[in-house]
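# Working through the structure, step by step
This is what each chain is made of:
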Amino acid sequence: MTYDTKNIFAKILRGEIPCQKIDEDEHTLSFADINPQAPVHILVIPKGAYCDWADFAANASAVEMAAFTKAIHRVAKLTGISKTGYRVISNTGLDSHQEVPHLHMHVLGGAPVGPLVLAKSQL
Ligand code: AMP
């Protein structure tokens, strides 16, 4: 998949549209999801141009991977959900219904987050 530089998270990274920033470092940016699915719903993204988890796992440097993992941990601590538990999800590829083609981890918590996936009857 070719990276689409016009995707909404690329625009956030370039400062063209605003976000509610939670955390930032050299390799990552974390911000609140605009349509939260839990009391705490943060998106953690790499600053590098990676379409999805598969692209990142195949092509990111070890430094970028470590920074991404640490950013998720930091966000969980900053928002307090590390105390009560949280879920980390990344949608990748057609079946996942990934909407924004820049890798993002959903970090969800602040209340019980429900079943891992919907039952087939709910799809
Ligand atoms: P996904 O379906 O995994 O690609 O998730 C995309 C997520 O991006 C959804 O949860 C949206 O609510 C969220 N989203 C879309 N636009 C924005 C935005 N401008 N700021 C914050 N979150 C956004």
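A few points on the structure. Quick caveat, the model's predicted, so the values are computed rather than measured. (Residues numbered from 1 in each chain as written. Predicted model: local features only at pLDDT ≥ 70, side-chain atom pairs only at ≥ 80, totals over all residues. Heavy atoms only, no water.)

## So, the overall build of the chain
Counting secondary structure elements, the chain contains three helices and five strands. Order of helices (α) and strands (β) in the chain, N terminus to C terminus: α-β-β-β-α-α-β-β. Taken over C-alpha atoms, the radius of gyration comes to 14 Å for the chain, in line with the 14 Å a tight globule of 123 residues would show. Taking the principal axes of its C-alpha atoms as reference, the chain extends roughly 35 × 35 × 30 Å. Classification of the 123 residues of the chain by burial places 37% in the buried group. Per element, the accessible surface of the chain, about 7,600 Å² overall, is 58% carbon and sulfur. (Helix = DSSP H or I, 4+ residues; strand = E, 2+ residues; numbered from the N terminus. Rg over C-alpha atoms; globule rule 2.2 N^0.38 Å. Buried < 20%, exposed > 50% of the residue type's maximum accessible area, 1.4 Å probe, protein only. Areas by Shrake-Rupley, 256 points an atom, 1.4 Å probe, with all protein chains shown as cover.)

## Re the site of the ligand
The environment of the ligand is formed by 16 residues, the closest being Asp-33, Asn-91, Glu-99, His-104 and His-106. The contact in question runs from an oxygen atom of the ligand to an N or O atom on the side chain of Asp-33, over 2.5 Å. A distance of 2.7 Å separates an oxygen atom of the ligand from a polar atom in the backbone of Glu-99. Relative to its free-state accessible area of 500 Å², the ligand is covered by the protein chains to the extent of 86%. Of all the cavities here, the one that holds the ligand is the largest pocket. Where the shell around the ligand is concerned, the elements lending two or more residues are helix H1 (8-13) and strand E2 (28-32). When the residues that make up the shell around the ligand are grouped by side-chain class, the tally is eight nonpolar, six polar and two charged. (Near = heavy atom within 4 Å. Polar contact = N/O pair within 3.5 Å; in protein donor to acceptor, adjacent residues only side chain to side chain. 1 Å grid on protein atoms, 1.4 Å probe; cavity = no way out; pocket = protein on both sides within 12 Å on 5 of 7 lines; lining within 4 Å. Sits in = over half its atoms within 2 Å of the grid points. Nonpolar A, V, L, I, M, F, W, Y, C, P; charged D, E, K, R; others polar.)

## What to know about the pairing of strand E1 (residues 21-24)
In regular strands, side chains alternate between the two faces of the sheet. One ladder, built from three bridges, connects E1 with E2; its direction is antiparallel. Bridge pairing links Asp-23 to Ser-30 in E2. Once E1 ends, the chain turns through three residues before running back antiparallel as E2. (Pairing = 2+ DSSP bridges.)

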